[in-house]
Each structure stands twice: as structure tokens, then as C-alpha cells.
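An overview of the molecular structure
Here are the chains, one letter per residue:
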Amino acid sequence: AYPAGISPYDRSRISKDALDCTRLDATSFPSLELPDGVALWSGKVVTKCDPDAKKVTYRDAITGDEDEITYEKLIIATGARAKVLDDQPYLWQDKHSDVVDNGSIEEGGEDIACAPAPAPAGAPEATAPAPRIRPWCLQADKNCGFGSVHYLRDIGDAAKVSEAVSMKEADGQETCSDPVVIVGGGILTMELAAKIARFRGQKVPVNVVLSRDRIMPKVFREDIAPEAGSLGAKDVAEFYERQLVKCGVKFIREHRCLRLWDVDESGEFPTMEGPAISLQRTRPRRFEPLQGEYFSTCRGIVVENNHSAERSWIAAKCVILCLGDEPNSQVFSFLDLADDSSIKVDATCRTSHSSGDVFAVGDVASYPLPRSKERCMRLPHYQQAFSTAVYVAHQCIDAMKQPSRPGTRDSRRSIGGDPFDPVPCITSQVLDLDWVFYGRNVGECVPLGFDGNSDRYFGCFWVEDMRVVG
């Protein structure tokens, strides 16, 4: 339901080169080149789907007017939304009412949405790129000031996070020494922590709250513990952790975020201090009531130890919650859904509806993997979303080219060809470390390149039943 002016874009770049707010322009997120005969309807929210009548009901996000559209084939590509700590809106028009379409910036005009980024070290100031977030301009300070709470799913979120990280007092003084606190331990968290720690060439303190004993536990995992003296997946995770610590990132391990620390909550509370690689609980210290409207939403977060259930209070300049995602399948509850509410599809990306004309692709779907023991699994990555969309588009076109057979219902719905057989693939950029993961991380993990013989490449592979599977 993006408003007019925002076309589909590569969302994976949000936590990479868009967060510094210097690349939020038409060149960073180019508009989708639509071929003849294809129309893009912006600002529309689907409210109902009737697959028997082949009809979709939608409403306009601005006016609220409802209308219907019929279809020959329906491809569900609604993606996923961020998991939230409290009830939070997830549609653009609900959560970004303070981000408005200002139109394109005029030639030679000045963008006053945010201050210019500093030049790289040793470079002349004139070479610093001027931040441009046109045509989306922030209007409200409260949603991106001290004590603000953020999720990171779209370019509106990226603009707000960027403003919150760079926020200063009205007189221009940097008086808030509290760290940016990120909750989560996945790929997005690590990319975000690395980006913020080096935000616009400056050092920004970052605390990362992990619910597990390592970063990226879903990637760096092992079903078989390594032999004594041997390296395992945890050693690979620790390598990344050490690189992040060098940049000023601190870790709080095996704690879960219970709630936000309320602005009006004062008193004596334990907090977290100690070695950056693993902060420890301290004795209670006094936190005085806040004066004025210094913090907008919270003072930080309250966390609980997974083992002892002891609670600690962590002060934060702003809080970024990276708690995972949930498929946007609410409208399609009539289909067969997996335990995580994703839409189950078969080897041709068809859903369970009897017509055979309803498909699902991308983050909203769970796919069967012929070479895997799992019956179906989500592949939440933009490369997988792209490949499934291309596959289904070609299949639908080929099916609709087939000649109709008189007297049959849905005579053109049959789809042949090879089944969709993806190799799961994930890419990431953490600091100057780029990596690509293929396959499945099950079985025994065997790290490579940690013996000191190479300073350029390292990695690991997973073995299950005497076969390399990842």
C-alpha cells in the first residue's frame, strides 16, 4: 500500500547503503520499468479475496473508497511485516503519516530534511554528498527523536532511523551519551549495528541485545557439536562479533526484551556494563526523573536473563527492534497455511485452492524443497522472492497461451514445465565482510580458512548424511 511516488524497490538495501540517508533518491531506488500493458496501482489495500468468483476487493488508502477487480490468475506477493513488541501499525499510510510526498527537488534547490553528511576522512568537505530523502520528507520530530522506537522494513523506516541516530539537542550539542540499542541477533541486526557504529564517519555507541549465545544463530548453527579442539559454527559467529566489537558494538547475551522502559519510570535499577563482548548485570543505580520532554517514547528497554530471570534496565538514545517478520497472509486465511502463517505452495508455487489459479511467491510463501527433509520452508530473501516471481510469471504466461477446450471449466489453468526447485541463498554485508550462503545449515559444520593461512577468504560448509548440504 505504498503511496504514489514510491514504486517497488530492492528492500535489501535498506540496512546497507540507504540507512545513512545520503542515498534515498531516485538513483538509489529507481522506479520499476513497467512493460506495455502493465499498470501499477499505488495506495491500494486488499481487504478481501473471493477465489471462487475470481475477485479481489480493495480500498483506497487515502479516500477509503472500495472497489473490485477480477482476475484470470492471482499471484500473492504481499511479503511480510515486522514482528512488534506492542501493537504497531504496519501499513505505510498508518505508520508514516509524518512522511509526506514533497515532490522532486528542484534543480539547484536545497534539501533541508537533514544536515549534510560529513566528508570521508582526509577528503575535502566539498566532496561530501548532500543527503537527499526526496520525495519523502520528515515532518514530525517525536517519531525520530530521543527515546524513539523503530522497526526497519521500508525506506520510511530508514529515514526515521537515520534521523534518530543523528539527533542532537536544539542548540546543536550532542548531550545524550546513551547508546543506540538494537534488539535482535539476525542478519539485519548485524548489518544495522555495523552501519550505525560507523554512522556518517563518526563513532556511535551501539548495544545489541541477543536472545541466544551468539549472533545470527539461524545461520551459524550446528546439529552436531564439534570435537574437542575443533572449530564449529560458533567460532565463525565469534569472528564476526570480534569485528563488530572493534567498531564499538557491545553485546548483551541470552536476554530477551520484556518491554520498553517508560519515560516516567525512575528509581534504582540494575543495568548492564563490563566487557564489550558480553555485558554483565550491575548493582542497582539511581535513575532520576526526566526533566521536560527530553525523551519522547521511552528511556530504553527492560530485559530479562533467560536463565535467572533477573531483570536489567538499559538506557538508550533510541531503540531499534529487529524481532523477525510475519507473513502478510491475513486476507488469505482460506488457503492452507503453515505454522508461521505463511501460505503453503506446491512445486509450481500453486496454493491449495481448487481452481489452481492462485499462486504465492516471495516472503509470504513456504516452498517444498525436493532435496530437503523439510516438507516446506520459507525463504525470506529478496533473491528467492525474485526467482519465484519470475518462475510463476513465465508459468502463468505459458498456461494462458494454451488453447481453450470448449465445455471445460478453467481450461487454461494447467501448468507444465519443470517444478520450482530453489537452492536457498542469503547474502549479507557486515563492515567490509561480504558473504553468500547457499543451501541448508543442518548437520555438522566445518569451518575453513581460520588456520591463519589466508587473510582474504574464509567460510564453512555443512554435512548431513555424508553429503554437503550448505
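For the structure, see preceding data.
Heads up: these notes are all about the structure in this document. All residue numbers refer to positions counted from 1 along the written sequence of the respective chain. With pLDDT at 70 or above as the cut-off, local features in this predicted model cover only qualifying residues; side-chain atom pairs require 80 or more to be listed or tallied, and sums for whole chains, interfaces and linings still use all residues. Note: side-chain values were computed over all heavy atoms of the structure, leaving out hydrogens and water.

Side note on the overall build of the protein
A tally of helices and strands in the protein yields five helices and 29 strands. Partly exposed residues are those whose accessible area sits between 20% and 50% of the maximum for their type, while under 20% is buried and over 50% is exposed, using a 1.4 Å probe and protein chains only. Buried residues in the protein amount to 47% of all 470 residues. Restricting to contacts in the protein with at least 6 residues of sequence separation, those with at least 24 account for 62%. Per-residue accessibility takes into account occlusion by the displayed protein chains alone, with areas from the Shrake-Rupley method and a 1.4 Å probe. Total accessible area on the protein stands at roughly 24600 Å², and carbon and sulfur atoms take up 49% of it. What counts as a helix is a DSSP run of H or I of at least four residues, what counts as a strand is a run of E of at least two, and both are numbered from the N terminus. Working rule for contacts: check all heavy atoms of both residues, and any pair within 4.5 Å makes them a contact.

A short note on the packing of aromatic side chains
To pair, rings of Phe, Tyr and Trp, with the six-membered ring standing in for Trp, must have centres within 6.5 Å; the planes then decide the type, stacked if under 30 degrees apart, edge-to-face if over 60, and tilted in the middle. Throughout the structure, instances matching the rule amount to 14 aromatic pairs. Relative to Phe287, the ring of Trp261 lies with its centre 4.8 Å away and its plane at 85°, an arrangement referred to as edge-to-face. Linking Trp261 in strand E12 (residues 255–262) with Phe287 in strand E16 (residues 285–287), this pair joins segments that are 26 residues apart in sequence. Residue Trp261 shares its accessibility class with Phe287, and that shared class is buried. Judged by centre distance (4.6 Å) and plane angle (15°), the rings of Phe269 and Trp313 are stacked. Taken together, the positions of Phe269 in strand E13 (residues 267–269) and Trp313 in strand E18 (residues 311–315) put the pair 44 residues apart, joining distant regions of the chain. Take Phe269 and Trp313: they sit in the same class, and that class is buried.

With respect to the sheet that holds strand E23 (residues 365–367)
Strand pairing is assigned whenever DSSP identifies at least 2 bridges connecting the two strands. Spatially, E21-E23-E24 is the arrangement adopted by the three strands of the open sheet, whose pairing is mixed. Two strands close off the open sheet at either side, each with one partner strand: strand E21 (343–344) and strand E24 (377–378).

Digging into the side chain of Arg350
Its place among the elements puts Arg350 in the loop between E21 and strand E22 (358–360). The charge count includes Lys and Arg as positive and Asp and Glu as negative, but it does not include His or the ends of the chains. By convention in these notes, a salt bridge is any Lys or Arg side-chain nitrogen within 4 Å of a carboxyl oxygen on Asp or Glu. In this structure Arg350 is buried but unpaired, with Asp346 as the nearest side chain of opposite charge at 4.4 Å. In terms of polar contacts, Arg350 uses its side chain to reach the backbone carbonyl oxygen of Gly356, at 2.9 Å. Whenever two N or O atoms come within 3.5 Å, that pair is a polar contact, provided that in protein one can donate a hydrogen and the other can accept it, and provided that, for residues adjacent in sequence, both atoms are side-chain atoms.

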